[in-house]
Amino acid sequence: MQLSFAIMGLALSKFGIPIVGIAIGVMSLLCGVSWLGQFKTLYDRIQKNVRVGDWL
């Protein structure tokens with residue numbers, strides 16, 4: 001945790017708030033898209049392998 005504070009402080013002082021904010025936004029977007037892709041793959045696999053009456 002202290003390392004992330006130190007790195008964040010260094011990044012803010014070197015690049016400024018707008019650039020660091022954009023970098024955080026891009027990383028969040030990539031993580032979100034990756035998570036959605038994994039979720040869709042898992043959902044498709046479940047839909048293919050489970051018939052409607054199997055879980056009743």
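No experiment lies behind these values; they were computed from the predicted model shown. (Residues numbered from 1 in each chain as written. Predicted model: local features only at pLDDT ≥ 70, side-chain atom pairs only at ≥ 80, totals over all residues. Heavy atoms only, no water.)

1. Re the packing of aromatic side chains
Then, number 1: If you walk through the whole model with that rule in mind, you get two aromatic pairs.
Then, number 2: When the centroid spacing of 5.4 Å and the interplanar angle of 10° are considered together, the rings of Trp35 and Phe39 count as stacked. Taken together, the positions of Trp35 and Phe39, both in helix H2 (residues 17–49) and four residues apart, correspond to about one turn of that helix.
Then, number 3: Residue classification places Trp35 among the exposed positions, given a relative accessible area of 51%.
Then, number 4: Residue classification places Phe39 among the partly exposed residues on the basis of a relative accessible area of 46%.
Then, number 5: Consider the rings of Phe39 and Tyr43, whose centres lie 6.4 Å apart with planes at 20°: the pair is stacked. Within this pair, Phe39 and its partner Tyr43 are both found in helix H2, separated by four residues, close to a single helical turn. (Phe/Tyr/Trp six-rings, centres within 6.5 Å; stacked < 30°, edge-to-face > 60°. Helix = DSSP H or I, 4+ residues; strand = E, 2+ residues; numbered from the N terminus. Buried < 20%, exposed > 50% of the residue type's maximum accessible area, 1.4 Å probe, protein only.)

2. Focus: a nonpolar patch on the surface
Then, number 1: Residues Met8, Leu12, Ile17, Ile24 and Met27 make up a contiguous nonpolar surface patch of about 460 Å² in total accessible area.
Then, number 2: Residue contributions to the nonpolar patch peak at three residues, all from H2.
Then, number 3: Checked against the element boundaries, Ile17 lands in helix H2.
Then, number 4: According to the relative accessible area criterion, Ile17 is exposed, its value standing at 64%. (Patch = residues over 30% accessible without salt bridge, like charges linked within 9 Å, V, L, I, M, F, W, Y side chains within 5 Å. Areas by Shrake-Rupley, 256 points an atom, 1.4 Å probe, with all protein chains shown as cover. Salt bridge = Lys/Arg side-chain N within 4 Å of Asp/Glu carboxyl O.)

3. Side note on the packing of helix H1 (residues 2–15) against H2
Then, number 1: The geometry of H1 relative to H2 is characterised by a closest axis approach of 7 Å and an angle of 125° between their N-to-C directions. On the basis of their axis angle, the class for H1 and H2 is oblique. Of the residues in H2, those touching H1 at Met8, Ala11, Leu12 and Phe15 are Ile17, Ile19, Val20 and Ile24.
Then, number 2: When grouped by side-chain class, the residues that make up the contact of H1 with H2 number eight nonpolar, no polar and no charged. (Axes fitted to C-alpha atoms, helices over the stretch in contact; angles between N-to-C directions. Parallel < 35°, antiparallel > 145°, perpendicular 65-115°, else oblique. Contact = heavy atoms within 4.5 Å. Nonpolar A, V, L, I, M, F, W, Y, C, P; charged D, E, K, R; others polar.)

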